[in-house]
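Residue-level structural notes
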Amino acid sequence: MSTQALKETARALVAPGKGILAADESSGTIKKRFDSIGVESTEESRRAYRDLLFTTPGVEEFISGVILFDETIRQSSADGTPFPKLLEGKGIIPGIKVDKGAKDLANAPGEKITEGLDGLRERLEEYRSLGARFTKWRAVITIGAGIPSEYCIWANAHALARFAALSQEAGLVPIVEPEVLMDGDHTIDRSFDVTSRTLHAVFTELRDQRVHFDQMLLKPNMVLSGYDCPEQAGPEEVAERTLECFRRHVPAAVPGIVFLSGGQSDEDATVHLNAMNAIGPHPWQLSFSYGRALQAPALKAWGGRPENVQAAQRAFYHRAKLNSAARSGSYTPEMEKLAA
Ligand code: 13P
């Protein structure tokens, strides 16, 4: 795979008006999502739900890529077409989550380290043969009393860079995801400080491990007030603080920043992205790689019932369309009410 092809894939994932659907919930996480709508999580119910999302008519106008989970990349649509092939056929780029989850970090109470580097080179080969063209690895940084430690930040940054280097070697575009969790009562200033320390470590490790910045994407949190903080920053402040933080740390060679939603409401995630794009231009494309914020209305509308598939697809299409508008700063709250 030429470096040119990797650059093109990275740029295609952040093409104007388009963003990424994160549909890579692990078995544990998708069970939690299904529990919330009273649906049993089985291999077939998970397949049917992902099938619904991927076959949504016209959603390829707004969705450039989909992140799959190990089980999902091996599954097929109702007509027998493997999911990666189905997505490619719609002009949507298939990707794959390759980390093995965040586990307790030794000697660091309350902190996590993401596992999955052992055997990764071989797994990447297999995922490429199954049709993946990009990869994702999520690190988790928690804000609390006396944490995060520099130890936790740098251990995770090192692993992210090892993942990114291996992905590029395998001809896959890495999406580097250092997620600073926004759970807690911390202020937006503390979010700024921790996100800043995290991005400093991540880009130092990426550079030291010779990762090509023009052949990767960054998937970060936005800089928000902790969800339980009594004082909540408004969209303009969120946009300004997030951009200030990223301008300090993210090289202009990185083609795009694709935000995670991280537990924001679907509307907040759209409003915040829109506010950032409304004050552009920026050195990088600013886009979305949302899981919950793209899927929440569809999941609710579906409720596990085949007769609700079309309503769920309409809900997903509508949410994708609104986030597409936020890519150019042209979203307005009135658009929420317009039917898909
Ligand atoms: P959320 O948008 O729900 O945070 O999910 C994105 C993701 O891929 C987390 O790893």
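Residues numbered from 1 in each chain as written. Predicted model: local features only at pLDDT ≥ 70, side-chain atom pairs only at ≥ 80, totals over all residues. Heavy atoms only, no water.

Looking at a negative patch on the surface
Judged by side-chain charge, Glu231, Glu236, Glu237 and Glu240 come together as a negatively charged surface patch. Following the sequence through the fold, Glu240 ends up in helix α9 (residues 235-249). Look at Glu240 and you get partly exposed, because its relative accessible area is 49%. (Patch = residues over 30% accessible without salt bridge, like charges linked within 9 Å, V, L, I, M, F, W, Y side chains within 5 Å. Areas by Shrake-Rupley, 256 points an atom, 1.4 Å probe, with all protein chains shown as cover. Salt bridge = Lys/Arg side-chain N within 4 Å of Asp/Glu carboxyl O. Lys, Arg positive; Asp, Glu negative; His and termini not counted. Charge placed at Lys NZ, Arg CZ, Asp CG, Glu CD. Helix = DSSP H or I, 4+ residues; strand = E, 2+ residues; numbered from the N terminus. Buried < 20%, exposed > 50% of the residue type's maximum accessible area, 1.4 Å probe, protein only.)

Focus: the site of the ligand
Taken together, 13 residues form the shell around the ligand, and within it Lys136, Lys219, Ser261, Gly262 and Arg292 come nearest. Separating an oxygen atom of the ligand from a backbone N or O atom of Gly262 is a distance of 2.7 Å. In the model, an oxygen atom of the ligand is placed 2.7 Å from a nitrogen or oxygen of the Arg292 side chain. Protein contact buries 91% of the 300 Å² of open area that the ligand shows by itself. Elements supplying a minimum of two residues to the shell around the ligand: β6 (134-141) and β10 (285-290). Looking at the shell around the ligand residue by residue, the classes come out as three nonpolar, four polar and six charged. (Near = heavy atom within 4 Å. Polar contact = N/O pair within 3.5 Å; in protein donor to acceptor, adjacent residues only side chain to side chain. Nonpolar A, V, L, I, M, F, W, Y, C, P; charged D, E, K, R; others polar.)

So, the packing of aromatic side chains
Within this structure, the stated rule accounts for nine aromatic pairs. Seen in terms of ring centroids, Phe34 and Trp302 are 5.6 Å apart; in terms of plane orientation they differ by 55°. Their pairing is tilted. Here Phe34, found in helix α2 (residues 27-35), pairs with Trp302, found in helix α11 (residues 292-302); they are 268 residues apart in sequence, far enough to count as distant. Since its relative accessible area comes to 0%, Phe34 is described here as buried. In this structure Trp302 comes out as buried when scored by relative accessible area, which is 5%. Relative to Phe163, the ring of Trp137 has its centre 5.7 Å away and its plane inclined at 25°; by these criteria the two rings are stacked. In this pair, Trp137 sits in strand β6 while Phe163 sits in helix α7 (residues 150-169), placing the two residues 26 residues apart along the sequence. Exposure class is identical for Trp137 and Phe163. Each is buried. Grouped by ring-pair contacts, the aromatic residues Phe34, Tyr49 and Trp302 constitute a single cluster. For the cation-ring pair, Arg241 lies above Phe192, with the distance from its terminal atom to the ring centre recorded as 4.5 Å. (Phe/Tyr/Trp six-rings, centres within 6.5 Å; stacked < 30°, edge-to-face > 60°. Lys NZ or Arg CZ within 6 Å of the ring centre and 35° of its normal.)

Considerations on the packing of α7 against helix α8 (residues 188-208)
When two helices pack together, their arrangement is given by the angle between their axes and by how far apart the axes lie. Closest axis-to-axis distance for the α7/α8 pair is 8 Å, and the angle between their directions is 40°. Judged by the angle between their axes, α7 and α8 are oblique. As for the relative orientation of α7 and α8, their crossing is right-handed in sense. Between α7, through Glu150, Ile153, Trp154, Ala157, His158, Leu160, Ala161 and Ala164, and α8, the contact on the second element is made entirely by Arg197, Thr198, His200, Ala201, Val202, Thr204, Glu205 and Leu206. (Axes fitted to C-alpha atoms, helices over the stretch in contact; angles between N-to-C directions. Parallel < 35°, antiparallel > 145°, perpendicular 65-115°, else oblique. Left-handed = near helix turned anticlockwise from the far one by under 90°. Contact = heavy atoms within 4.5 Å.)

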